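Observations on chain architecture
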Amino acid sequence: MGDGQSPEMIEALRVLESADLERGTREERLAAFARVRREIWAIADRAGSDSIAIRALTRGLESSEQLLAEGAPWDDRPAAEH
């Protein structure tokens with residue numbers, strides 16, 4: 001990480017890599033997804049020419065968050081365990 005990447009991209013990647021999106025209740029996990037997306041967008045807001053690429057990091061988060069909110073078919077844990 002870092003070769004030719006802007007400081008903002010490096011920061012956004014660190015936020016993404018350090019996010020714990022697997023533990024907690026469904027509501028806690030949804031809140032974590034939303035928080036990480038907001039943090040990355042805030043970084044992109046102050047980034048230069050790579051702001052679009054930084055925002056693109058949130059695309060997968062949005063998809064995962066939507067599946068979690070809808071109840072992903074492969075996630076068979078009871079809601080209390082999410």
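Whatever comes next refers back to the structure up there.
In short, a report on the structure. (Residues numbered from 1 in each chain as written. Predicted model: local features only at pLDDT ≥ 70, side-chain atom pairs only at ≥ 80, totals over all residues. Heavy atoms only, no water.)

Quick word on the environment of Ala34
Examined against the element boundaries, Ala34 turns out to sit in helix α2 (residues 26-45). Distance from Ala34 to Thr58, taken between C-alpha atoms, is 9.8 Å for residues 24 residues apart in sequence. (Helix = DSSP H or I, 4+ residues; strand = E, 2+ residues; numbered from the N terminus.)

A short note on helix α1 (residues 7-18)
The end-to-end C-alpha distance of α1, which contains 12 residues, comes to 16 Å, matching closely the 16 Å that a straight helix rising 1.5 Å per residue would cover. For α1, the set of buried residues is Glu8, Met9, Ile10, Ala12, Leu13 and Val15. At its buried positions, α1 is contacted by α2 and α3 (51-56). (Expected span 1.5 Å × (residues − 1). Buried < 20%, exposed > 50% of the residue type's maximum accessible area, 1.4 Å probe, protein only. Contact = heavy atoms within 4.5 Å.)

Focus on the nonpolar core
Of all hydrophobic cores here, the largest spans 16 residues; its most connected members are Leu21, Val36, Ile40, Ile54 and Leu61. The set of elements that each furnish at least two residues to this core consists of α1, α2 and α4 (59-70). Ranked by residues supplied to this core, first place goes to α2 with six residues. (Core = buried A, V, L, I, M, F, W, Y, C linked by side-chain atoms within 4.5 Å.)

Quick notes on α2
Taking 1.5 Å of rise per residue, 20 residues should cover 28 Å, and α2 covers 29 Å from first to last C-alpha, within 8% of that figure. Looking only at α2, the buried set comprises Arg29, Ala32, Phe33, Ala34, Val36, Ile40, Ile43 and Ala44. In this fold, the buried residues of α2 make contact with α1, α3 and α4.

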